[in-house]
Amino acid sequence: MKKIITFIIFLLIVTVNAQTKTTYTYAIKGKDTLQLDVYQPKNSISTDTFPSLLWMHGGGFGGGTRDNEWEQKLAEYAANNGFVGISISYRLMRKGEPTGFGCNCPKEEKLSTFKAAAEDYMDAALFVSKNAEKLNINTNQIIAGGSSAGAEGILNAVYMREYFIENLEKYKTVQFAGVFSLAGAIVNANYITKDNAIPTVLFHGTDDNLVPFGTASHHYCDVDKPGYLVLEGSSSIVEKLIALETSYYFYVKKGGKHEMAGVPFYDLDNVFNFFKQTVLEDKTIQIKKINNK
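Positions within a chain are numbered from 1, following the residues in the order the chain's sequence is written. Only residues with pLDDT of at least 70 are given local features in this predicted model, and only at 80 or more are side-chain atom pairs given and counted; all residues enter the totals for whole chains, interfaces and linings. The side-chain numbers reported here are obtained from all heavy atoms of the structure, hydrogens and water having been left aside.

The protein carries the name Carboxylesterase family protein in an unreviewed UniProt entry, which gives Aureibaculum flavum as its organism.

Have a look at this one:
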């Protein structure tokens with residue numbers, strides 16, 4: 001009897017701590033069936049609404065998955081902290097391409113890849129917005145997040161919607177309340193304006209060898225290479241946010257390279273606290289944290 005009671009208690013604990021994950025198809029584009037995984041906060045009920053983190057994984061637009069260990073852990077963390085965690089798949093435009101996404105990939109193909117990622121991200125956001133009631137989401141509190149290639153995708157979708165998206169009317173109901181970028185960059189930071197600037201979290205290494213920390217060519221390609229394309233990284237984005245008096249949280253790793261694209265579980269408490277204060281409580285906060293280790 002004692003063993004049976006112990007087993008029942010164990011099952012109850014597992015049930016209480018288990019995450020509720022549901023997978024949806026948000027778009028079908030050619031041979032690509034694009035899905036997203038939704039992780040609900042524990043003990044949520046159908047009438048609850050929550051802020052959400054809509055996450056786009058990295059992988060150089062040729063690899064990565066929405067349900068790998070780190071993306072799953074991040075979505076679960078969000079759900080454990082009062083957010084609906086959502087991790088999406090998207091078209092991997094450079095998968096199998098011999099030129100990859102470096103200096104041999106022509107600039108035009110890079111911009112086309114950015115465009116496809118921005119479109120897919122906006123389609124995922126539109127699906128979330130249209131199904132907000134079913135997903136328990138407050139559409140005024142959606143945080144756009146991504147790592148590396150995913151960070152480029154979400155930054156271009158949020159701040160350069162007018163540049164990359166052709167049918168703006170289709171997405172008129174989609175709005176974002178914050179940005180969470182890991183080792184990302186934008187094509188042109190001048191598209192960040194008083195009208196679209198929102199609380200932004202950025203993690204970046206000063207010596208990132210792929211995505212520039214400031215303003216430089218993507219992958220630091222020489223000007224005579226097909227893939228020469230100037231991007232504006234986290235430092236340049238923060239300069240715009242400072243000028244616009246917009247909230248930001250900037251984590252700088254001195255000497256850090258592209259490993260800063262990894263999910264910063266060591267600092268997520270501060271990240272989510274920043275969003276709770278700036279998005280949920282409408283406070284203005286500007287923080288720059290420098291890690292010299």
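Once the structure has been displayed, the description carries forward.
(A) Examining the overall build of the protein more closely. Strands are runs of DSSP state E lasting at least 2 residues, helices are runs of H or I lasting at least 4, and numbering of each runs from the N terminus. Within the protein, the secondary structure is distributed over eight helices and 12 strands. The reference for a compact globule is 2.2 Å times residues^0.38; the radius of gyration itself is calculated from the C-alpha atoms. Since a compact globule built from 293 residues should have a radius of gyration of about 19 Å, the 19 Å found for the protein is in line with a globular shape. A principal-axis box enclosing the C-alpha atoms of the protein has dimensions of 75 × 45 × 40 Å. Within the protein, contacts between residues at least 6 apart in sequence are counted, and of these 73% link residues at least 24 apart. Accessibility throughout is a Shrake-Rupley quantity obtained with a 1.4 Å probe, and a residue counts as covered only by protein chains that appear here. Total accessible area on the protein stands at roughly 13,500 Å², and carbon and sulfur atoms take up 51% of it. The criterion used for residue contact is that any of the two residues' heavy atoms lie within 4.5 Å.

(B) Spotlight on empty space enclosed by the protein. We place a 1 Å grid over just the protein atoms. Points where a 1.4 Å probe fits but has no way out form a cavity, open points with protein on both sides within 12 Å along at least 5 of 7 lines form a pocket, and any residue with an atom within 4 Å of a point lines it. Grid points are joined across faces, edges and corners, and a volume is the space filled by probe spheres set on the points. Applying the stated criterion across every chain, the model contains one cavity of 30 Å³ or more. Looking at the largest cavity, the residues that line it are Leu53, Trp55, Glu71, Leu74, Ala75, Ile86 and Ser87. At the level of secondary structure, the elements contributing two or more residues to the lining of the largest cavity comprise β3 (50-56), α2 (69-80) and β4 (84-88). Looking at which element gives the most residues to the lining of the largest cavity, the answer is α2, with three residues.

(C) Up close: the packing of aromatic side chains. For Phe, Tyr and Trp, where Trp contributes only its six-membered ring, two rings pair if their centres lie within 6.5 Å, and the inter-plane angle classes them as stacked under 30 degrees, edge-to-face over 60, or tilted in between. For the structure shown, the criterion picks out 20 aromatic pairs. Taken together, a centroid distance of 5.7 Å and an interplanar angle of 85 degrees make the contact between Phe101 and Phe114 edge-to-face. With Phe101 in the loop between β4 and α3 (107-130) and Phe114 in helix α3, this residue pair connects regions lying 13 residues apart in the sequence. Of the residues examined, Phe101 reaches a relative accessible area of 9% and is grouped as buried. When a residue's accessible area, from a 1.4 Å probe over protein chains only, is under 20% of the maximum for its type it is buried; when over 50% it is exposed; and in between it is partly exposed. Looking at Phe114, the relative accessible area reads 1%, which means it is buried.

(D) Focus on the pairing of strand β1 (residues 20-29). Paired strands, in this sense, are two strands between which DSSP finds at least two bridges. Looking at chain direction, β1 and strand β2 (residues 32-40) are connected through nine bridges and run antiparallel. Counterpart to Tyr24 in the pairing with β2 is Leu36. Linking two consecutive strands that pair antiparallel, namely β1 and β2, is a turn of two residues; a positive phi of about 65 degrees is found at Gly30 within it.

(E) Here's a closer look at the layout of surface pockets. Estimated volume of the largest pocket: approximately 250 Å³. Gly falls in the polar group here, along with every residue not listed as nonpolar (Ala, Val, Leu, Ile, Met, Phe, Trp, Tyr, Cys, Pro) or charged (Asp, Glu, Lys, Arg). When the residues that make up the lining of the largest pocket are grouped by side-chain class, the tally is six nonpolar, two polar and three charged. Estimates place the volume of the second largest pocket at around 170 Å³. Surrounding the second largest pocket, 13 residues form its lining, Asp32, Gly64, Ser89, Tyr90 and Leu92 being those nearest its centre.

(F) Here's a closer look at the nonpolar core. Formed by 64 residues in total, the largest nonpolar core has its most connected members in Leu36 and Phe176. Sort the elements by how many residues they give to this core and α3 lands first, with 11 residues. Excluding residues within four positions of it along the chain, Leu36 makes contact with Thr22, Thr23, Tyr24, Tyr26, Arg66, Ile86, Ser87, Ile88, Ala124, Phe127 and Val128. Ala78, Phe180, Val201 and Leu268 belong to the second largest nonpolar core, which has 23 residues in total. Nine residue types can take part in a nonpolar core, namely buried Ala, Val, Leu, Ile, Met, Phe, Trp, Tyr and Cys, and a core is a set of them joined through side-chain atoms within 4.5 Å.

(G) Quick look at α2. The terminal C-alpha atoms of α2, which comprises 12 residues, lie 16 Å apart, in line with the 16 Å expected from a rise of 1.5 Å per residue. Within α2, the full set of buried residues consists of Glu71, Leu74, Ala75, Tyr77, Ala78 and Ala79. Where α2 is buried, its residues touch β2, β3, β4 and α8 (268-280). Polar contacts, as used here, are pairs of N or O atoms within 3.5 Å; protein pairs need one atom able to donate a hydrogen and one able to accept it. Residues neighboring in sequence count only if both atoms are side-chain atoms. A distance of 2.9 Å separates the backbone nitrogen of Trp70 from a side-chain oxygen at the start of α2, and that oxygen is part of Asn68. At the exit of α2 stands Gly82, carrying a positive phi of roughly 85 degrees. In a helix, the anticipated span is given by 1.5 Å times the number of residues less one.

(H) Focus on the sheet that holds strand β11 (residues 248-253). Read from one edge to the other, the open sheet built from nine strands follows the order β1-β2-β4-β3-β5-β6-β8-β11-β12, with strand pairing classed as mixed. Looking at strand neighbours, the two that pair on one side only are β1 and β12 (286-291), the edges of this open sheet. Between one strand axis and the next, the sheet turns through 15 degrees on average, direction left out of account. The axes are straight lines fitted to the C-alpha atoms, using for helices just the contacting stretch, and the angles between their N-to-C directions are given from 0 to 180°. On the sheet, helix α5 (residues 149-159) packs against β3, β5 (137-147), β6 (178-182) and β8 (200-205) and is oriented at approximately 135 degrees with respect to β5.

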